[in-house]
Amino acid sequence: MATENEFSPKEWSFKGDELLVRSSAVTVRGVLDKLMGNLNPNDPRPTIPLGHGDPSPFPSFRTAPEAENAISDSLYSAKFNCYSPSVGTLPARKAVAEHLSRDLPYKLSPDDVYLTSGCTQAIEVILTVLARPNANILLPRPGYPYYEARAIFSNIEFRYFDLLPEKDWEVNLHTVELLADENTVAIVIINPGNPCGNVYKYEHLKKVAETARKLGILVISDEVYYHLAFGKNPFVPMGVFGSIAPVITVGSISKRWIVPGWRIGWLVTNDPNGILKKHGVVDSIIAFLNISSDPATIVQGAIIQVLEKTKEEFFLKILNQLREAAETCCSKIKEIPCFACPSKPEGAMFALVKLDLSLLEDIEDDLDFCLKLSKEESVIVLPGLAVGLKNWLRITYSVEPSALDDGLNRIKAFCLRHAKKQ
Ligand SMILES: *Cc1c(COP(=O)(O)O)cnc(C)c1O
C-alpha cells in the first residue's frame, strides 16, 4: 500500500510554457494529426497519405545503396563513436563544402559549413541567432510553417510577402520593399518550393539578392529540396549571388536522398565579402551550436561517402519518378472541375491546387474538405491553411505510383459526389 503523504500539498512552483504550445500549434504535423484522427476505422481500404513529404516508406523511393553502405562502413570502422565538435567534424564539413562548391562560382571553405541535425536545426540556429528586440523577418506566403513556429518561439516578428501563383510562385518583390523597415534582418526563400513545387529562375534569384542588398538584409535560402528540379528551370543555389547580399543556405540530405530519419543537414554561410563575420553573425552561430546538440557522429562519418559515392543513376531515377508522378497528378487534377492548378509543379514533391468552393455543395472550406475526405475516402491531403493559403490544397505525389492513382481516383470520386447538382 502506498504511504500517506505526511505534508499537505503546497502550491507547485513550476508550469509549462504557453508560448511553446502556441508555436507548435501552427506546424504541419498538428494539422495532419487532426486529419488522421478523423479517419473511418471501418474503411477496409488502405489510407493514402498525400499529406506530408516523406516517401521513405515506399519501396520505389528507397535510398541509394551507396548511402546505405556509407552508414554501415561508418559504423564498422569504429572511428565515429566519439563526441563531435559542436560545429561538426572537419572531414564532414570539408565534404559538404566541396559538394556544394560544385554549383558555385567560388569555393566554400569547411569553415563556412556547420553541420546540424537536419535542415530543421539549421533553421532553428539562424532564427535564434537573428532574434533581438524588435527584429522582424520576411516570410513567404504560402510557406513552410516551421519558420513561423520558430519565430513565435524566439519572439521575432514576421511579416508575409506573397508568392504569385500566376508567375510560377515568384516573390512579389514590390511588397518585400514595402514591408521592410530598419528592423528587418532577413528574407526567407524556399527553392525548390514547398508547398508550391516551383523552381526559381536565375534572373529572379538575382533580383531577390539585389532587393536584399538594397534593404541591407540577409537572405536565408532553404534548399532542402536542392536538385529536385524536373521541369524547365534548372536548380540554381542562392549562394551564387552571395557577393550581392550575404546568403545563409540551409539544407540536408533528407529529401534528395530520401532519408529524413538520418537527421543530418547543414547551415552554410555564402558570403565571399565576409559581411556576416564582420557583423558577429558567425560568432553567434558558433556560440549557439556550443550550447546545442550535434548530429550523430556515425552519420557525420557516413556523409563523406554519401556525397562522394552516390551514383548519378540514383538521382536520375528519383527525378524521373517525381516527374511522372507530377504528370499523373496534374492530368487527374484537370479532370476534377472544382480543382485548378495555375502553375505546374517543377520541383520538390508537391502540387498546390486551388479549390473552387462554389462548385461544391456541402464543403465549407479547405479544412472541411480535408476532414471529410479523410473520413469518407481515407485519403490525407494538407489543407492550404496549414501553409498560409486558405481554400487551396497541397497534394504530395511522392508515393508509390499505384497508391497515387488510387488516391487521386478517390479524390475525384469525392469531388463528384459533393458537386453542386445543376
Ligand atoms: C522537410 C523540410 C525541412 C526539414 O528538413 P529536415 O532535413 O528533415 O530537417 C525544412 N524546410 C523545408 C521547406 C522542408 O520541406
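Labelled according to an unreviewed UniProt entry, the protein appears under the name Nicotianamine aminotransferase 1, originating from Coffea arabica. Looking at the protein in UniProt, the text filed under Cofactor (unreviewed entry) is "pyridoxal 5'-phosphate". Reading the Sequence similarities (unreviewed entry) entry of the UniProt record for the protein gives the comment "Belongs to the class-I pyridoxal-phosphate-dependent aminotransferase family."

Asks: Just checking my understanding: could you explain the overall build of the protein for this structure?
Replies: Within the protein one finds 14 helices and 13 strands. In terms of overall size, the protein behaves like a compact globule, its C-alpha atoms giving a radius of gyration of 23 Å where 422 residues would be expected to give roughly 22 Å. Each principal axis of the C-alpha distribution contributes one length, and for the protein these read about 75 × 65 × 50 Å. A buried classification covers 55% of the 422 residues belonging to the protein.

Asks: I tried to follow the pairing of strand 3 (residues 136-141) on my own but got confused; where do I start?
Replies: The two faces of the sheet receive side chains in turn, since in a regular strand these alternate between them. Of all 6 residues that make up strand 3, 5 are buried, and the element is covered over most of its length. Judged from the 6 bridges that link them, strand 3 and strand 4 (residues 157-164) form a sheet pairing that is parallel. By the bridge assignment, Ile137 is partnered in strand 4 with Phe158. One crossover worth recording links strand 3 to the parallel strand 4 by way of helix 6 (residues 146-153), and it is right-handed. Sheet analysis places strand 3 next to strand 6 (residues 184-190), joined by 3 bridges and oriented parallel. Following the sheet pairing, Asn136 is matched in strand 6 by Thr184.

Asks: Explain the UniProt feature "modified residue: N6-(pyridoxal phosphate)lysine" (unreviewed entry) in the protein to me, please; I cannot follow it from the model alone.
Replies: Annotation from UniProt places "modified residue: N6-(pyridoxal phosphate)lysine" (unreviewed entry) at Lys255. In this fold, Lys255 is placed in the loop between strand 8 (247-252) and strand 9 (265-270). Assessed through its relative accessible area of 14%, Lys255 is described here as buried. For Lys255, the residues in contact, after removing those within four places along its chain, are Gly53, Val224, Tyr225, Leu228 and Met349.

Asks: Would you explain the domain arrangement of the protein in this entry?
Replies: Once the domains are mapped, the protein shows domain 1 (18-61 + 313-417) and domain 2 (65-309). Between the C-alpha centres of domain 1 and domain 2 the distance comes to 26 Å. A per-residue breakdown of the area domain 1 buries against domain 2 is headed by Phe315, Ser343 and Glu346, which together make up 21% of the total. Where domain 1 touches domain 2, the interface holds 1 salt bridge. Linking domain 1 with domain 2 are 10 residue pairs in polar contact (both at pLDDT 80 or more). Elements represented by at least two residues in the side of domain 1 that touches domain 2 include exactly helix 1 (18-25), helix 12 (312-334), strand 11 (350-355) and strand 13 (392-396). Among the elements that line the side of domain 1 that touches domain 2, the one with the most residues is helix 12, at 7 residues. A class-by-class count of the residues in the side of domain 1 that touches domain 2 yields 23 nonpolar, 7 polar and 5 charged.

Asks: I'm lost on the sheet that holds strand 4 in this one. Help?
Replies: Two modes of strand pairing occur in sheets, parallel and antiparallel, and in both the strands are linked by backbone hydrogen bonds. Strand order across the open sheet formed by 8 strands is 2-9-8-7-6-3-4-5, with mixed pairing between neighbours. With one partner strand each, in any of the chains shown, strand 2 (113-116) and strand 5 (170-171) form the two edges of the open sheet. Relative to strand 7 (residues 218-222), strand 6 runs parallel, the two being bridged by 5 bridges. Residue pairing across strands places Ile190 opposite Asp222, the latter belonging to strand 7. Against the sheet, helix 5 (residues 118-130) makes contact with strand 2, strand 3, strand 6, strand 7, strand 8 and strand 9, and its axis sits at roughly 155 degrees relative to strand 8, the strand it touches most. Against the sheet, helix 6 makes contact with strand 3, strand 4, strand 6, strand 7 and strand 8, and its axis sits at roughly 165 degrees relative to strand 4, the strand it touches most.

Asks: Looking at this structure, I do not really get helix 6. What am I missing?
Replies: Turn by turn, an α-helix covers 3.6 residues, leaving residues three or four places apart pointing in a common direction. For helix 6, a buried count of 7 out of 8 residues is recorded, marking the element as mostly surrounded by other parts of the structure. The set of residues buried in helix 6 consists of Tyr146, Tyr147, Glu148, Ala149, Arg150, Ala151 and Ile152. Just downstream of helix 6 lies Asn155, where phi reads positive at about 60 degrees.

Asks: Explain the site of the ligand to me, please; I cannot follow it from the model alone.
Replies: Looking at the ligand, there are 14 residues lining it, with Thr120, Asp222, Ser252, Ser254 and Lys255 nearest. Between the ligand and Lys255, the relevant distance is 3.1 Å, taken from an oxygen atom to a side-chain nitrogen or oxygen of the residue. Summarising the interface, the protein chains cover 93% of the accessible area of the ligand, which totals 390 Å² for the free molecule. The biggest single contributor to the shell around the ligand is helix 5, with 4 residues. Residue composition of the shell around the ligand, by class: 6 nonpolar, 5 polar and 3 charged.

Cut-offs and rules
- Residues numbered from 1 in each chain as written.
- Predicted model: local features only at pLDDT ≥ 70, side-chain atom pairs only at ≥ 80, totals over all residues.
- Heavy atoms only, no water.
- UniProt positions renumbered as here; feature names shortened; annotations may be inferred.
- Helix = DSSP H or I, 4+ residues; strand = E, 2+ residues; numbered from the N terminus.
- Rg over C-alpha atoms; globule rule 2.2 N^0.38 Å.
- Buried < 20%, exposed > 50% of the residue type's maximum accessible area, 1.4 Å probe, protein only.
- Pairing = 2+ DSSP bridges.
- Right-handed = clockwise from strand over helix to strand, strands pointing away.
- Contact = heavy atoms within 4.5 Å.
- Domains from an automatic or database assignment.
- Buried area = accessible area lost by both parts, 1.4 Å probe.
- Salt bridge = Lys/Arg side-chain N within 4 Å of Asp/Glu carboxyl O.
- Polar contact = N/O pair within 3.5 Å; in protein donor to acceptor, adjacent residues only side chain to side chain.
- Nonpolar A, V, L, I, M, F, W, Y, C, P; charged D, E, K, R; others polar.
- Axes fitted to C-alpha atoms, helices over the stretch in contact; angles between N-to-C directions.
- Near = heavy atom within 4 Å.
- Areas by Shrake-Rupley, 256 points an atom, 1.4 Å probe, with all protein chains shown as cover.

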